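Here is how the chains run, residue by residue.
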Amino acid sequence: MLPASGRAQTAAQWKCTGNPDIAWDVQIGDCTAAIESGKYSGANLAWAFNNRANAYKAKGDYDRAIADFDQAIKLDPKHALSFYNRGNAYRAKGDNDRAIADYDQTIRLDPKLAPAFTNRGNAYYAKGEYDRAIADYDQAIKLDPKHVSAFNNRGSIYVTKKDYDRAIADFSQAISFNPKYAQAFFNRGLAWERKGNPDRALADYSEANRLNPNDSGAINALKRLKP
């Protein structure tokens, strides 16, 4: 089995990194060449399927991505990131139950991978299982105290549960870690508005609009609140 550094070196040699550093179509071609080269087998081949799958997923071709993640997992069943990546592909397709199953396996293999808890929380959130989602966001934050998306998403659930003070606290934490996070400003504005403080809501919506002028939600909120 290639160590992480060996995988990265080999992937870069083939222009098959699975990251947006190289055009996705170029990566698909090189990953395919690596797969068909006959130079690799077993876990040493899994990286090429995993990285090609990431390229397909980035292009929105989720079925091909999932098929490649299947192959990567078959070749290297203890590689947590292949389960995590396949879970993300299932989430993108809206298949939250399969995504959760993959995140479960990811966490069994790597219980310190904070994004796996966040994304499983997102899947539970989509299913309306808010308490389970909050528990996952809690764990993600425990593992990574500056995990911005976990704070933002947990805050969104608190808005849904009408616990506006907790929601505002979470959005404020997200903003403190990323002051350019337009969505967190919009979400905090929504929490302030529903809490009955239109002035603070207007300030947050204005900042969300400044950071992302194309956000229709912020535009509509400003039209609604501005005199």
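In every chain, residue numbers begin from 1 and rise along the written sequence. Totals for whole chains, interfaces and linings use every residue, but because this is a predicted model, local features are given only for residues with pLDDT of at least 70 and side-chain atom pairs only at 80 or more, for both listing and counting. Hydrogens and water molecules were not included; the side-chain quantities draw on all heavy atoms of the structure.

Engineer: Which residues make up the packing of aromatic side chains, and what are the values?
Structural biologist: Within a pair of aromatic rings, the relevant descriptors are the distance that separates the centres and the angle that separates the planes. Each pair of aromatic rings taken from Phe, Tyr and Trp, with Trp reduced to its six-membered ring, is defined by centres within 6.5 Å and is described as stacked if the planes are under 30 degrees apart, edge-to-face if over 60, and tilted in the remaining cases. Under the definition given, this model contains 5 aromatic pairs. Centre to centre, the rings of Y125 and Y130 are 5.8 Å apart; their planes meet at 70°, and the pair counts as edge-to-face. Geometrically, the ring pair formed by F151 and F177 is tilted, given 5.8 Å between the ring centres and 45° between the ring planes. Here F151, found in helix α9 (residues 148-160), pairs with F177, found in helix α10 (residues 164-177); they are 26 residues apart in sequence, far enough to count as distant. Exposure is judged per residue with a 1.4 Å probe applied to protein chains only, and the accessible area is read against the type maximum: over 50% gives exposed, under 20% gives buried, and values in between give partly exposed. Judged by relative accessible area, F151 falls into the buried class, the value being 5%. Each helix is a run of DSSP H or I of at least 4 residues and each strand a run of E of at least 2, with the numbering of both proceeding from the N terminus.

Engineer: Break down the state of the cysteines for me, citing the residues and quoting the values.
Structural biologist: What counts as a disulfide here is a pair of cysteine sulfur atoms lying within 2.5 Å. Overall, the coordinates contain 1 disulfide when judged by the stated rule. What pairs with C16 in a disulfide is C31, and their sulfur atoms sit 1.9 Å apart. Disulfide C16 to C31: torsion about the S-S bond roughly 105°, handedness right-handed. Highlighted residues: C16 in the loop between α1 (4-13) and α2 (24-36) and C31 in helix α2, separated in sequence by 15 residues.

Engineer: How would you explain the side chain of R154 if you had to name every residue and give the values?
Structural biologist: Secondary-structure assignment places R154 in helix α9. Judged by relative accessible area, R154 falls into the buried class, the value being 13%. By the convention used here, residues are in contact when the closest approach between their heavy atoms is within 4.5 Å. The residues touching R154, leaving out its near neighbours within four places in the chain, are I134, Y137, D138, I141 and D170.

Engineer: Break down the pattern of salt bridges for me, citing the residues and quoting the values.
Structural biologist: The term salt bridge refers to a side-chain nitrogen of Lys or Arg lying within 4 Å of a carboxyl oxygen of Asp or Glu. Using the criterion set out here, one finds 20 salt bridges in the structure. Among the ionic pairs, K127 bridges to E129, the shortest N-O distance being 3.7 Å. Overall, the relative accessible area of 35% leaves K127 in the partly exposed class. With a closest N to O distance of 2.7 Å, R210 and E207 form a salt bridge. Taken as a pair, R210 and E207 lie in helix α12 (residues 198-211) at a separation of 3 residues, close to a single helical turn. The exposure class of R210 is exposed, given its relative accessible area of 54%. Ionic contacts of the salt-bridge type, sharing partners, join the residues D97, K127, E129 and R132 into one network.

None of this, on its own, says anything about what the molecule does.
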